[in-house]
Amino acid sequence: MRRIAKLAYHVVRSNLVELHYPYRLTYAVTNRCQAHCSMCNIWRKTADGELTMAEIDTFFARSNRFSWINLTGGEIFQRDDIVEIIRSVDRHCRSLYLLNFPTNGYQTEKIVAAVADILTHTSIPRLMVSVSLDGPCELHDSTRGLPGSWEQALATFRQLRIMRSRRFSVYLGYTMQESNLHAFQETVDAARSELGELSVDEIHVNLAHISGHYYDNSSFSGLPDPVAAGEILTRIRGLRSRRFLDPVSVLERRYQKLARTFQQTGAVPLTCQAAAASCFIDPGGVVYPCTAFDAPLGTLREHGYDLYRLWRSAGRHSIRKAVCDGACPRCWTPCEAYQTILANLLT
């Protein structure tokens, strides 16, 4: 109860004032990935210079006020020490309520064993995993550039779904782009043919985005048509259950509603929380306001692995002002949108 109360405190306070330090962290632990996705070039980036396990442990020992951490990549299970990283998070971040991460689901045995270990040997109250699925079999495999990835993704999801509890949730993650814009229902039907029952509530929908410093996909031309995407998002939203007492359901519906606004106007529908309630750290320890804004705040190595020392810098304040003034690339990815929605509960 103490941890969820702390998260609630951060959320409420972010509606009233600008927070002094971030309660949500997105940390890309590696650039390594087996998939060669059409919308993402992270896999092309070097894996040199990743923070070591010792450095990561030092960072979380000195920067541990997070209530919500999102681990991402690359593919996080390409790091053999990923469970050790999560144990370090658990050991040091005593206010942490929610840990979530995406996976391509390709390493089924390793992923399932890791989730079981996390649930058994950590005290993290809530764990959420999304397994990427971007179309029926042929479309998904071509999008991901990884033959057999559709079957592995469904195998991983199937086994993780058995482990569901009040503490653990698993979803399929659908990244909407031009190539699969009209394939959502076909994807659901194909997955149902393998899984049996599958609710639309079990599918998280995200929009493909451009990011030079994170996805390294500045030349990607496959963003979805704004008007068509908006109409499809509205239809998907209509298929979702109206579970008003489920925070995840409420947040997902709100995200999809505002995603349509973003698609149609190109403007971020709410004041973004980047460089305030949240930040992004790349595998080498470079700190950014978010996954989209290529405006590095500094590096952990240069600041003794102390995020709060860096957070007090004039540079961070300057970049936060730029975000507030709209002088950023503008995006509506869940990495940034969720805490932004939570900071605008009355809007």
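All figures in this text were calculated on a predicted structure; none of them were measured in a lab.

Rules used in this analysis
Residues numbered from 1 in each chain as written. Predicted model: local features only at pLDDT ≥ 70, side-chain atom pairs only at ≥ 80, totals over all residues. Heavy atoms only, no water. Buried < 20%, exposed > 50% of the residue type's maximum accessible area, 1.4 Å probe, protein only. Helix = DSSP H or I, 4+ residues; strand = E, 2+ residues; numbered from the N terminus. Pairing = 2+ DSSP bridges. 1 Å grid on protein atoms, 1.4 Å probe; cavity = no way out; pocket = protein on both sides within 12 Å on 5 of 7 lines; lining within 4 Å. Points joined across faces, edges and corners; volume = space filled by probe spheres on them. Contact = heavy atoms within 4.5 Å. Polar contact = N/O pair within 3.5 Å; in protein donor to acceptor, adjacent residues only side chain to side chain.

(A) Region of interest: the pairing of strand 5 (residues 168-176). Taking burial as the measure, the nine residues of strand 5 include nine buried ones, the bulk of the element. Here strand 5 shows two buried faces, one formed by Phe-168, Val-170, Leu-172, Tyr-174 and Met-176 and the other by Ser-169, Tyr-171, Gly-173 and Thr-175. Relative to strand 5, strand 4 (residues 126-132) is paired through six bridges, and the arrangement is parallel. Directly across from Val-129, in strand 5, lies its bridge partner Val-170. In this sheet, strand 6 (residues 203-207) lies alongside strand 5 in parallel orientation, the contact comprising five bridges.

(B) Representation of empty space enclosed by the protein. Scanning the model with the defined rule gives one cavity of 30 Å³ or more in all. The space that makes up the largest cavity amounts to roughly 40 Å³. Lining the largest cavity, in full, are Leu-133, Leu-172, Gly-173, Tyr-174, Phe-184, Thr-187, Val-188 and Ile-203. Counting residues per element, the ones that place at least two in the lining of the largest cavity are strand 5 and helix 7 (184-195).

(C) Representation of the environment of Thr-299. Looking at where Thr-299 falls in the secondary structure, it is placed in strand 9 (residues 298-299). Look at Thr-299 and you get buried, because its relative accessible area is 18%. When the C-alpha atoms of Thr-299 and Val-286 are compared, they prove to be 4.3 Å apart, with 13 residues separating the residues in sequence. The contact partners of Thr-299, leaving out residues within four places of it in the chain, are Gly-285, Val-286 and Leu-310. A distance of 3.1 Å separates the side chain of Thr-299 from the backbone nitrogen of Glu-302, its partner in a polar contact.

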